[in-house]
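Descriptive analysis of the structure
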Amino acid sequence: MKWNDITLKRVKRKARVSVFWKIFSIFIAFIAVILILLWVFQISLLNTFYRSIKINEIESALKDITENIESEQLESIILSVANDKQICVVICTQNGSKLYSINALPNCIIHHMSAYLLARAYTITHNHGGMYVERTMIDERRSELLFYSMGDPNQVESVIYSKIVSKENGENLLIMLNSSISPVVSTVQTLQIQLIWITVIMIVLAVIMALVLAKNLSLPITKINKSAKVLAQGQYDICFEEKGYREIAELANTLNYAAKELSKVESLQRELIANISHDLRTPLTMITGYAEIMRDIPNENTPENVQIIIDEAKRLTTLVNDVLDISKLQSGSLPFNGEVLNLTANIQDILIRYSKLTEYKIIFEAEQNVFVYGDALKLSQVVYNLINNALTYIGEDKMVTIRQILVAGDKSYPQRVRIEVIDTGDGIEQSKLNEIWERYYKVNKNHKRATVGTGLGLHIVKTILDMHQGATYGVKSQIGHGSTFWFELNVYSL
Ligand code: ADP
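Residues numbered from 1 in each chain as written. Predicted model: local features only at pLDDT ≥ 70, side-chain atom pairs only at ≥ 80, totals over all residues. Heavy atoms only, no water.

Further remarks concern the overall build of the protein. Scanning the protein for helices and strands turns up 11 helices and 12 strands. The proportion of buried residues among the 494 residues of the protein is 36%. At a minimum sequence separation of 6, the contacts of the protein that also span at least 24 residues come to 65%. When the accessible surface of the protein is summed, it comes to about 29,400 Å², and 57% of that surface belongs to carbon and sulfur atoms. (Helix = DSSP H or I, 4+ residues; strand = E, 2+ residues; numbered from the N terminus. Buried < 20%, exposed > 50% of the residue type's maximum accessible area, 1.4 Å probe, protein only. Contact = heavy atoms within 4.5 Å. Areas by Shrake-Rupley, 256 points an atom, 1.4 Å probe, with all protein chains shown as cover.)

Okay, structure coming up:
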């Protein structure tokens, strides 16, 4: 069983809910909450809300009338209270004779009260400290104009506020307000019917919308998943549709990029295996061949033939080392050993090892010692790889120049050191300048000299320099005029 099969199985076993059902259920739950709230507020809490609003209205009306008891506008205030708020108003004297009596309700209680009852109401109010509130349930079945309360259709709750106010002339008056504080049943019934309709329409709409929404959201994910499975099977030319939501389009874009990179790596690796096996076979054949000749034919045991064996063995070593270096660098098993080092002396040390190559002229131009912070071993590898490349692609003049220059830096590191490795060889096409840093990349695959390398050298350079903070690198090249490979590091001290 393949690895991806195993992971797929594991995901399935956890029985995750699909995006479709998740969105669908969230949407339906949301609508359900809204409907519940509507029902609770419109039906169950309607009575409570209505009562508290009504009581507030009566209290503020009572306050208005009390404050304006001696005002000329008293009558208009009473009228507006009665008409706008459906509150009955009676203002009477201590002995029950009415001064004002405005009837706003069909089932008003105070309006029908006799002078005797009003005088009694005065006494009761007085006995309660000048303010008295009475709530009653009135069974008004007998009345033809009756409205019904919610709980019992035959009863409405009525409230009477009575208050004694004193006028400036010392006269005491009784203000009585009466209003019904139960919502009318017909309104509640209308609301209920409306709500039933709203609920049915909302449920139908919600189900349709949830289905459409969930489908729309999950479809592109399902599509991407399908394509990703194809990709996992090794079909790198698969195209992820960059349509739909931004996140999905971005994901598709990333996956397309990943697919492109994977296909590149795969073809490069295939090429590398072909190259390496070819590169390994050639020196091995040479070594075996020459060794056998030298063993069998005594005259062939010459220093030239031994040199060929040594050269071929060296080629093999380089090849194997490059492959090992890159895998070590990439697996992180070669940690960064940072220290302050003398870069100039480092390069000079390396050049000593090239001094035996008398057929080449290697020049190092440096004006002073420059100290940088870096990994000495790894930086030597960078210089080695650049010099080796310059020697491999060296021009007619057989000359390689290494130049150390100081350049301006930024605020934290005002000076930077630039190392240039210059050859006058064939040069590299402008279009290839970015690609040469990639793994296993060789510019001219058919070029005889190019088969010497593994296409890893510059990738090693790039990987190492990327480990150094503030390091930059690049190449300038012109076909027929040679190449200048360079890198820059922050100067620690001079
Ligand atoms: P290789 O081991 O094949 O040289 P590199 O990664 O070092 O691999 O280089 C990648 C490619 O870049 C080489 O195949 C070569 O074509 C090109 N290249 C590198 N250095 C030079 C140079 N100094 N002059 C011309 N071409 C170069």
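A few words now on the packing of aromatic side chains. Tallying each qualifying case throughout the model produces seven aromatic pairs. Ring geometry for Trp 437 and Phe 485: centres 5.9 Å apart, planes at 65°, overall edge-to-face. Highlighted residues: Trp 437 in the loop between β10 (415-423) and α11 (457-467) and Phe 485 in strand β12 (residues 482-493), separated in sequence by 48 residues. Judged by relative accessible area, Trp 437 falls into the buried class, the value being 9%. Connected via pairs of aromatic rings, a cluster forms that spans Phe 20, Trp 21 and Phe 24. (Phe/Tyr/Trp six-rings, centres within 6.5 Å; stacked < 30°, edge-to-face > 60°.)

We now examine the nonpolar core. Counting 42 residues, the largest nonpolar core has Leu 343 and Ile 387 as its most contacted members. Going through the elements one at a time, α8 (303-331), α9 (343-354), α10 (376-392), β9 (399-408), β10, α11 and β12 are the ones with two or more residues in this core. Ranked by the residues each element gives to this core, the list is headed by α10, at eight residues. Not counting residues within four places of it along the chain, the set of residues in contact with Ile 387 comprises Ile 350, Leu 351, Tyr 354, Ile 362, Ile 402 and Val 421. One finds Ile 58, Leu 74, Val 81 and Val 159 within the second-largest nonpolar core, a separate group that totals 22 residues. (Core = buried A, V, L, I, M, F, W, Y, C linked by side-chain atoms within 4.5 Å.)

Attention now moves to the pairing of strand β2 (residues 98-102). As a general feature of sheets, a regular strand has side chains that alternate between the two faces. Bridge analysis of strand β1 (residues 88-93) against β2 gives four bridges, and the strand direction is antiparallel. In the strand pairing of β2, Val 90 is matched with Ser 101. Linking β1 back to β2 in an antiparallel pair, the connection comprises four residues, with Gly 96 at a positive phi of about 95°. (Pairing = 2+ DSSP bridges.)

Where helix α3 (residues 46-67) contacts helix α4 (residues 74-85), the axes come no closer than 10 Å and their chain directions differ by 170°. In this view, α3 runs roughly antiparallel relative to α4, as classed from their interaxial angle. Contacts between α3 and α4 pair Lys 54, Glu 57, Ser 60, Ala 61, Asp 64 and Ile 65 from the former with Leu 74, Ile 77, Ile 78, Val 81 and Lys 85 from the latter. The class makeup of the residues in the contact of α3 with α4 is six nonpolar, one polar and four charged. (Axes fitted to C-alpha atoms, helices over the stretch in contact; angles between N-to-C directions. Parallel < 35°, antiparallel > 145°, perpendicular 65-115°, else oblique. Nonpolar A, V, L, I, M, F, W, Y, C, P; charged D, E, K, R; others polar.)

A pair can form between side chains of opposite charge whenever their charged atoms are brought close. The tally for this structure, following the rule as stated, stands at 15 salt bridges. Among the salt bridges present, the one from Glu 157 reaches Arg 51, with a minimum N-O distance of 2.9 Å. Taken together, the positions of Glu 157 in strand β4 (residues 155-166) and Arg 51 in helix α3 put the pair 106 residues apart, joining distant regions of the chain. Its relative accessible area of 13% is what places Glu 157 among the buried residues. For Arg 51, a relative accessible area of 27% puts it in the partly exposed group. The partner of Lys 243 in a salt bridge is Glu 241, and the shortest N-O contact between them spans 3.2 Å. We classify Glu 241 as partly exposed; its relative accessible area is 37%. Each of Glu 365, Arg 403, Arg 416, Arg 418, Glu 420 and Glu 488 takes part in one network of salt bridges that share partners. (Salt bridge = Lys/Arg side-chain N within 4 Å of Asp/Glu carboxyl O.)

This brings us to unusual backbone geometry. A negative phi holds for most residues other than glycine; trans holds for most peptide bonds. Residue Gln 86 is not a glycine yet carries a positive backbone phi of 50°. In this fold, Gln 86 is placed in the loop between α4 and β1.

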